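Spelled out, the chains give:
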Amino acid sequence: MKAYDIVVIGGGPAGLAAAAAARENGIERILILERDKELGGILNQCIHNGFGLHTFKEELTGPEYAARYIAKVQEYQIEYKLNTMVVDISPDKVVTTISREDGLVEIKAGAVILAMGCRERSRGALNIPGYRPAGIFSAGTAQRLVNMEGYMPGREVVILGSGDIGLIMARRMTLEGAKVKVVAELMPYSGGLKRNIVQCLDDFGIPLKLSHTVIDIDGKERVKGVTIAQVGPDGKPIAGTEEYIPCDTLLLSVGLLPENELSRGVGVDLSPITSGPVVNELLETNIDGVFACGNVLHVHDLVDYVSEEATMAGKNAARYVRGEFESGTECEAGSIVLCGENGVRYTVPSTVAPARMEDTLTVRFRVGNVYRNCVLCTYFDDECVSRRKKMVMAPGEMENIVLKKKDLLARPELKKITIKIEEQ
């Protein structure tokens, strides 16, 4: 059985950044395991620009952004295996993989970093009536077909869901000569970034219908059209608002789910809200020496934040391997609970032990609705320690606050930190 100090599962932006950070923090024996035929993950099919503004202070395409980290991994001579599927992780950090080249292999890891990314929610999760004709694709599948395989899924398109991939594909299909009839969104707000609504829909005259959904798919062999209808506050279609739209393609952009089958198998506690692991200030899960970062932890809006979070996970995994901190000690007994209330859906991390954290800790979260002219408040137990005025907060945009170690150490009795939204 081969042994490595750190095994990174996933060779996308999170896995690459985590591995590079671990090497920069003195760890030599690192292995990246990637099930695809190349490193880079989802970035390889994201040929639009807008990546890297925070990390590299310049605008890059997805493949260009990935290439920067792949070059770093190769420069550091970090070992990686492609076309390799991880089938199991044991609680004592033995990683079982399978590949055509090596067969079934067991690898002993000093620490494991989970960086498997996320997958799209499928039509099966939506319960849309109708047959199962050709012409129904997830937005990500359509993106891969157009950008990497050179295949157009269709010419007359309806998109259900206004997540970022759906918005970007509305523009992409239009640029390739297709007619995007409408983007329908179940919620009363878009799930994507504001800049994508402007650049991908408004600039091309593509209508966005909020509080609408697809209630029927017409066609037996191939999609002939879809029926959309307005929905009420309960999410149910309103009778009399039905509209039939002829089309040959339906793209689904109805949410992303962290890819956590492996995490579940090893016994990692998962959040019912994010579907990702519950982690502490080190991005360590409840399993000793197993860390998580990127979209497997919670779905991000910007890849720059994925890289930032993964760098932190790689650094902390390196500290763990070197024995710089211990789990299950009185340090953890003094952990402070982090939670969200009044519209803040979750926080990452969920707990923080001040003695182990860096000088500052970025806490990331999303809100559950669109809030305008409000105040983002942070409470230490019952004391409000910060109030930040916000013109607008939306579910499609990730928010954060920064905690300072000195502030937490100055309050040794502190039990709970609450982030909440209040009126001005």
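Going by the structure above, here's the rest.
Please read these numbers as outputs of a predicted model, since none were measured by experiment.

Participant: Break down unusual backbone geometry for me, citing the residues and quoting the values.
Facilitator: Residue P349 is bonded to the preceding V348 through a cis peptide linkage, with omega at 5°. Checked against the element boundaries, P349 lands in the loop between strand 18 (336-341) and strand 19 (351-352). Of note in the backbone geometry, K57 takes a positive phi value of approximately 60° without being a glycine. As for its position among the elements, K57 is in the loop between strand 2 (30-33) and helix 2 (62-75). In this structure K57 comes out as exposed when scored by relative accessible area, which is 67%. Positive phi values are uncommon outside glycine, yet N342 reaches one of about 50°. Tracing the sequence through the fold places N342 in the loop between strand 18 and strand 19.

Participant: Talk me through the sheet that holds strand 12 (residues 212-218); I want residue IDs and the actual numbers.
Facilitator: The antiparallel open sheet is built from three strands, whose spatial order is 12-13-14. Since the sheet does not close on itself, it has two edges, and those belong to strand 12 and strand 14 (243-246), each with one partner. When the angles between neighbouring strand axes are averaged without regard to direction, this sheet yields 30°. Relative to strand 14, strand 13 (residues 225-230) is paired through four bridges, and the arrangement is antiparallel.

Participant: Give a description of helix 7 (residues 303-321) that names residues and reports values.
Facilitator: If you check helix 7, its first and last C-alpha atoms are 27 Å apart, about what 19 residues at 1.5 Å a residue would give, namely 27 Å. Burial of helix 7 is extensive: 14 of the 19 residues sit out of reach of the surface. Two residues or fewer past helix 7, G323 is found with a positive phi of approximately 75°.

Reading guide: rules and limits
- Residues numbered from 1 in each chain as written.
- Predicted model: local features only at pLDDT ≥ 70, side-chain atom pairs only at ≥ 80, totals over all residues.
- Heavy atoms only, no water.
- Helix = DSSP H or I, 4+ residues; strand = E, 2+ residues; numbered from the N terminus.
- Buried < 20%, exposed > 50% of the residue type's maximum accessible area, 1.4 Å probe, protein only.
- Pairing = 2+ DSSP bridges.
- Axes fitted to C-alpha atoms, helices over the stretch in contact; angles between N-to-C directions.
- Expected span 1.5 Å × (residues − 1).

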